[in-house]
Amino acid sequence: MSQYTLPDLPYDFGALEPHLSGQILELHHDKHHAAYVAGANTAVEKLAEARASDELGPPLTGLERNLAFHVSGHLLHSLYWLNMSPDGGERPDGELAAAIDEDLGGIGQLQAQMNAVVATVQGSGWAALSWEPLGQRLVVHQILDHQDNVAGGSLPILVLDAWEHAFYLQYRNVKADYAKAFWNVVNWPDVAERFTRVRGVTLP
Ligand code: MN
């Protein structure tokens, strides 16, 4: 059975300073992300046990939800680290920029909507720029916790963690400043490469 594993950060903990502190990155990666990886593996094991023992009653719903929560947390954090870079902050160009213009009205409107998502998440969640394969378009949306409020089949290419653990040690209650600082470290070449890949997906 395949195991989920914690990827290394692609840069040092302090590499995104002053926009994101090394203290936040170390805790966020080594503790929070690691816990989602462990939770994903536990959920896989518990589900296998339930199937093997024929215990497929109502507790199964909780196990399946745990799997969705932890695997989605693992996925989103893995993406978030790669979406950022010490050399980030330029603007998107090429076909990605053209699609952002066409589907979202331009980079300024994309940023404004994602910042608004961060500001208006109730509790814990994420802002995401995703490819929606049915309509063949880019969409900005909230993700509640790690997996709720996501259109089926949508594929995130840029994600911004809006959980308090992502910013509180540095930005306290001023979540808007964290969202603003994020744009200084966005790795647009990474987002553009993902865009090229997800555009090949069509549904149904
Ligand atoms: Mn997080």
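These figures come from a predicted structure and were not determined experimentally.

Basis of the calculations
Residues numbered from 1 in each chain as written. Predicted model: local features only at pLDDT ≥ 70, side-chain atom pairs only at ≥ 80, totals over all residues. Heavy atoms only, no water. Salt bridge = Lys/Arg side-chain N within 4 Å of Asp/Glu carboxyl O. Helix = DSSP H or I, 4+ residues; strand = E, 2+ residues; numbered from the N terminus. Buried < 20%, exposed > 50% of the residue type's maximum accessible area, 1.4 Å probe, protein only. 1 Å grid on protein atoms, 1.4 Å probe; cavity = no way out; pocket = protein on both sides within 12 Å on 5 of 7 lines; lining within 4 Å. Points joined across faces, edges and corners; volume = space filled by probe spheres on them. Nonpolar A, V, L, I, M, F, W, Y, C, P; charged D, E, K, R; others polar. Axes fitted to C-alpha atoms, helices over the stretch in contact; angles between N-to-C directions. Left-handed = near helix turned anticlockwise from the far one by under 90°. Patch = residues over 30% accessible without salt bridge, like charges linked within 9 Å, V, L, I, M, F, W, Y side chains within 5 Å. Areas by Shrake-Rupley, 256 points an atom, 1.4 Å probe, with all protein chains shown as cover. Domains from an automatic or database assignment. Buried area = accessible area lost by both parts, 1.4 Å probe. Polar contact = N/O pair within 3.5 Å; in protein donor to acceptor, adjacent residues only side chain to side chain.

Caption draft 1: How the structure looks around the pattern of salt bridges. Throughout the structure, instances matching the rule amount to four salt bridges. The shortest N-O distance in the salt bridge between Arg197 and Glu193 comes to 3.2 Å. Separated by four residues within a single helix, Arg197 and Glu193 lie in helix H7 (residues 188–198), roughly one turn from each other. Exposure remark for Glu193: the relative accessible area of 45% places this residue in the partly exposed category.

Caption draft 2: Fine view of the layout of surface pockets. Quantified by volume, the largest pocket comes out at close to 170 Å³. The wall of the largest pocket is formed by 14 residues, among which Glu90, Arg91, Asn187, Trp188 and Pro189 lie closest to the centre. Top element by residues in the lining of the largest pocket is H7. It accounts for three residues. Among the residues making up the lining of the largest pocket, the classes are represented as six nonpolar, four polar and four charged.

Caption draft 3: Fine view of the packing of helix H1 (residues 22–52) against helix H2 (residues 59–83). As a packed pair, H1 and H2 sit with axes 8 Å apart at the nearest point and diverge in direction by 145°. As for the relative orientation of H1 and H2, their crossing is left-handed in sense. Split into classes, the residues belonging to the contact of H1 with H2 amount to 16 nonpolar, 10 polar and two charged.

Caption draft 4: Fine view of a nonpolar patch on the surface. Taken together, the side chains of Leu134, Val201 and Leu203 present a nonpolar region at the surface, about 260 Å² in accessible area. Along the polypeptide, Leu134 turns up in the loop between strand E1 (125–132) and strand E2 (137–144).

Caption draft 5: Focus on the domain arrangement of the protein. For the protein, the domain assignment lists domain 1 (21–82) and domain 2 (94–198). Using C-alpha coordinates to define each centre, domain 1 is positioned 22 Å away from domain 2. Both faces considered, domain 1 and domain 2 share a buried interface measuring about 1,700 Å² in area, 64% of it formed by carbon and sulfur atoms. If you sort the residues of domain 1 by the area they bury against domain 2, Leu76, Leu79 and Tyr80 come out on top, with a joint share of 34%. The tally of links from domain 1 across to domain 2 stands at one salt bridge. Between Asp148 and Arg65 there is a salt bridge, with the nearest N and O atoms lying 3.0 Å from each other. At the junction of domain 1 with domain 2, the criterion picks out nine residue pairs in polar contact (both at pLDDT 80 or more). When contributions to the side of domain 1 that touches domain 2 are tallied by element, the ones reaching two or more residues are H1 and H2. The leading source of residues in the side of domain 1 that touches domain 2 is H2, at 10 residues. When its residues are assigned to classes, the side of domain 1 that touches domain 2 shows nine nonpolar, seven polar and one charged.

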